[in-house]
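Each chain, letter by letter, is given below.
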Amino acid sequence: WKRLISKILFAIGSVIVFEGFFLAIIPNRLRKALAHIALASNSQLSRIGLVMMAIGIVLIGLSDF
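Quick summary incoming for the structure in this document. (Residues numbered from 1 in each chain as written. Predicted model: local features only at pLDDT ≥ 70, side-chain atom pairs only at ≥ 80, totals over all residues. Heavy atoms only, no water.)

## Concerning the overall build of the chain
Summing up its helical and strand segments, the chain has 3 helices and 0 strands in all. Starting at the N terminus and walking to the C terminus, you meet the elements of the chain as α-α-α. In terms of overall size, the chain is more extended than a compact globule, its C-alpha atoms giving a radius of gyration of 15 Å where 65 residues would be expected to give roughly 11 Å. Each of the 65 residues in the chain was classed as buried or not, and the buried ones make up 0%. Accessible area for the chain stands at about 6,200 Å²; split by element, carbon and sulfur atoms hold 74% of it. (Helix = DSSP H or I, 4+ residues; strand = E, 2+ residues; numbered from the N terminus. Rg over C-alpha atoms; globule rule 2.2 N^0.38 Å. Buried < 20%, exposed > 50% of the residue type's maximum accessible area, 1.4 Å probe, protein only. Areas by Shrake-Rupley, 256 points an atom, 1.4 Å probe, with all protein chains shown as cover.)

## Comments concerning the packing of aromatic side chains
The tally for this structure, following the rule as stated, stands at 2 aromatic pairs. Here the aromatic rings of Phe18 and Phe22 are separated by 5.0 Å at their centres, their planes lie at 80°, and the arrangement is edge-to-face. Here Phe18 pairs with Phe22, and both are found in helix 1 (residues 2-25), just 4 residues apart, close to one helical turn. Accessibility expressed as a relative area gives 54% for Phe18, which makes it exposed. Since its relative accessible area comes to 30%, Phe22 is described here as partly exposed. Ring plane angle 75° and centroid distance 5.3 Å describe the contact between Phe21 and Phe22, whose orientation is recorded as edge-to-face. Pairwise contacts between aromatic rings join Phe18, Phe21 and Phe22 into one cluster. (Phe/Tyr/Trp six-rings, centres within 6.5 Å; stacked < 30°, edge-to-face > 60°.)

## A closer look at the environment of Met52
Here Met52 lies in helix 3 (residues 42-62). Taking relative accessible area as the criterion, Met52 reaches 57% and is therefore assigned exposed. On a C-alpha basis, the gap between Met52 and Val17 in space is 18 Å, while along the polypeptide they are 35 residues apart.

## Regarding a nonpolar patch on the surface
Taken together, Trp1, Leu4, Ile5, Ile8, Leu9, Ile12 and Ile16 make up a surface patch of nonpolar side chains, about 800 Å² in accessible area. The topology assignment puts Ile5 in helix 1. (Patch = residues over 30% accessible without salt bridge, like charges linked within 9 Å, V, L, I, M, F, W, Y side chains within 5 Å. Salt bridge = Lys/Arg side-chain N within 4 Å of Asp/Glu carboxyl O.)

## Things to note about helix 2 (residues 27-39)
Here helix 2 spans 19 Å end to end across 13 residues, near enough to the 18 Å set by a 1.5 Å rise per residue. The element helix 2 is largely exposed, with a buried count of 0 among its 13 residues. (Expected span 1.5 Å × (residues − 1).)

## Structural notes on the environment of Lys7
Along the chain, the position of Lys7 falls in helix 1. It is 29 Å that separates the C-alpha atoms of Lys7 and Ile26, two residues lying 19 residues apart in sequence.

Right under this line is the structure:
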């Protein structure tokens, strides 16, 4: 269990660092991107989310988890 929790914490931490990096480096561009996202329909956002999940699953599958 300890190893699994360690990997989960690493994954969550990596996401937070990745998102924080963009907030720190390009805050104006991120605001513009969020404004575009606000204009998208729910179905468009759902499709984008599903594609992102699929890509993530493939990347996890390719890693040596």
